[in-house]
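Single-letter residue listing:
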Amino acid sequence: MSIVREERIGDCRLILGSAIDVVPMLGEVDSLACDPPYGMAFRSNHRQTSHRAIANDGDADLLRWACKIPVRHSAYVWGRWDNLLDAPKPRSFITWVKNNWSMGDLEHEHARQTEVCFFYRGPEHFFPKGRPADVVTFPRTGNNFHPTEKPVGLMQAVVSWTDGTVLDCFMGSGTTLVACAKLGRAGIGIELDPEYFQIACERVQKAYDQPDLFVAPPAPQPKQEDLF
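Since this is a predicted model, take the numbers as computed values, not measurements.

Definitions and cut-offs
- Residues numbered from 1 in each chain as written.
- Predicted model: local features only at pLDDT ≥ 70, side-chain atom pairs only at ≥ 80, totals over all residues.
- Heavy atoms only, no water.
- Helix = DSSP H or I, 4+ residues; strand = E, 2+ residues; numbered from the N terminus.
- Buried < 20%, exposed > 50% of the residue type's maximum accessible area, 1.4 Å probe, protein only.
- Contact = heavy atoms within 4.5 Å.
- Areas by Shrake-Rupley, 256 points an atom, 1.4 Å probe, with all protein chains shown as cover.
- pLDDT = per-residue confidence, 0-100.
- Expected span 1.5 Å × (residues − 1).
- Axes fitted to C-alpha atoms, helices over the stretch in contact; angles between N-to-C directions.
- Parallel < 35°, antiparallel > 145°, perpendicular 65-115°, else oblique.
- Left-handed = near helix turned anticlockwise from the far one by under 90°.
- Phe/Tyr/Trp six-rings, centres within 6.5 Å; stacked < 30°, edge-to-face > 60°.
- Lys NZ or Arg CZ within 6 Å of the ring centre and 35° of its normal.
- Core = buried A, V, L, I, M, F, W, Y, C linked by side-chain atoms within 4.5 Å.
- Nonpolar A, V, L, I, M, F, W, Y, C, P; charged D, E, K, R; others polar.

J.: What's the story with the overall build of the protein chain in this structure? I'm lost.
T.: Within the protein chain, the secondary structure is distributed over five helices and nine strands. Written out in order from the N terminus, the α and β elements of the protein chain read β-β-α-β-α-β-β-β-β-α-β-α-β-α. Across the 228 residues of the protein chain, 44% fall into the buried class. Within the protein chain, residue pairs in contact and separated by at least 24 positions form 68% of the contacts whose partners lie at least 6 positions apart. In the form shown here, the protein chain has an accessible surface area of approximately 12,700 Å², with 53% of it arising from carbon and sulfur atoms.

J.: Explanation requested: helix α4 (residues 175-183) in the structure shown.
T.: Within an α-helix, residues lying three or four positions from one another point in the same direction, as the helix has 3.6 residues per turn. Among the nine residues that make up α4, seven are buried, leaving the element largely enclosed by the rest of the structure. Of all the positions in α4, only Thr175, Thr176, Leu177, Val178, Ala179, Cys180 and Ala181 are classed as buried.

J.: Quick question: what am I supposed to make of the confidence of the model for the protein chain here?
T.: It should be kept in mind that the predicted coordinates are not to be read in detail where pLDDT is low. Looking at the protein chain, the pLDDT average stands at 85 and 79% of residues meet or exceed 70. Within the model, the stretch residues 40-57 combines pLDDT values under 50 with 41 contacts to residues more than four positions away or in other chains. Segment residues 218-224 is flagged for pLDDT under 50; beyond a separation of four residues in sequence, or across chains, it makes one contact in the model.

J.: Where do I start with helix α5 (residues 194-209) in this structure?
T.: Between its first and last C-alpha atoms α5 spans 23 Å; for 16 residues at 1.5 Å apiece the expected length is 22 Å, and the two agree. Considered for burial, the residues of α5 that qualify are Tyr196, Phe197, Ala200, Cys201, Arg203, Val204 and Ala207. Against β1 (3-9), β2 (12-17), α3 (152-160), α4 and β9 (187-191) lie the buried residues of α5.

J.: Whenever I open this one, the environment of Lys68 confuses me. Can you help?
T.: Turning to its location among the elements, Lys68 is positioned in the loop between α2 (61-67) and β4 (74-79). Sequence separation between Lys68 and Ala87 is 19 residues, and the spatial gap between their C-alpha atoms is 8.7 Å.

J.: What is the right way to read the packing of α4 against α5 from this model?
T.: Between two packed helices, what matters for the description is the angle formed by their axes and the separation of those axes. Where α4 meets α5, the closest approach of the two axes is 9 Å, and the angle between their N-to-C directions is 15 degrees. The pairing of α4 with α5 is recorded here as roughly parallel in orientation. Taken as a pair, α4 and α5 cross one another with a handedness that is right-handed. Two secondary-structure elements touch here, α4 through Thr175, Leu177, Val178 and Ala181 and α5 through Arg203, Val204, Ala207 and Tyr208.

J.: Sorry, what's going on with the packing of aromatic side chains here?
T.: Here the distance between the centres and the angle between the planes together describe a pair of aromatic rings. All chains considered together, the criterion is met by six aromatic pairs. Taking the centre distance of 5.5 Å and the plane angle of 40 degrees together, the rings of Phe93 and Phe118 count as tilted. Note that Phe93 is positioned in strand β5 (residues 92-97) and Phe118 in strand β6 (residues 114-121), a separation of 25 residues in sequence. We classify Phe93 as partly exposed; its relative accessible area is 24%. One aromatic cluster in this structure is built from Tyr76, Phe119, Phe127 and Trp161. Its end group placed over the ring of Trp78, Lys150 keeps NZ or CZ at 5.4 Å from the ring centre.

J.: I keep staring at the nonpolar core and nothing clicks. Help me out?
T.: Nonpolar side chains tend toward joint burial in soluble globular proteins. In this structure, Leu14, Tyr76, Trp78, Val158, Trp161 and Val204 are the most contacted members of the largest nonpolar core, which totals 30 residues. Those elements that place two or more of their residues in this core are β2, β4, β5, β6, α3, α4 and α5. With near-sequence residues (within four places) excluded, Val158 lies in contact with Ala33, Tyr76 and Trp78. By size, the runner-up hydrophobic cluster in this structure holds 23 residues, among which are Leu63, Cys67, Ala87 and Cys169.

J.: Any chance you could explain the packing of α3 against α4 here in plain terms?
T.: Running from N to C, α3 and α4 cross one another at 65 degrees; their axes reach a closest spacing of 8 Å. Between α3 and α4, the interaxial angle falls into the category roughly perpendicular. When you trace α3 past α4, the crossing you get is right-handed. Contact residues: α3 offers Val152, Met155, Gln156, Val159 and Ser160, while α4 offers Thr175, Thr176, Val178, Ala179, Cys180, Lys182 and Leu183. Along the lines of polarity and charge, the residues of the contact of α3 with α4 split into seven nonpolar, four polar and one charged.

Now the structure itself:
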């Protein structure tokens, strides 16, 4: 399975297909920001709107694969704290603090109020806006579009740490590309599920239709004037 469908919306390229097949077709990857299936076997049964099971979420194989994608600048890959045993050793570890916590083991485990992200630097890495902290605080979403949906503000922070075109090879409902659209950055998203792909297209289009008034648009590139 390669590219089933492709949409270009603003500076974002959205691809329906398998990440394993499509990523090798893209050439050099500048930066990566993704939330792969990482062995939770997650299925929502506790919300008004129940979500379908996440494809390929039975093990951490895709997380291991994502962490090894070569990048020019940087890679940020979401996972669980215990995926440290699965993933290649990261350069550092980003912690997202939420405004609530998950259930887990109510008797023998501290209530989980965080999620983690693995950071890998590429050969041309630098911090675009100075060295950021390794802890970020954002309220969680209501997971209206996807069972593991990240807040747009959180992904805007992650995108701001990267350089060049940002790849999200497990796009889900498109939050990373919404963040790119709001920041005036180019993004590529790949999603296997046709329904989530359609949701992502609609959200990215809406982000371009309703730009953030507090984010300056990218400066126009200089043009060569006609000498004559």
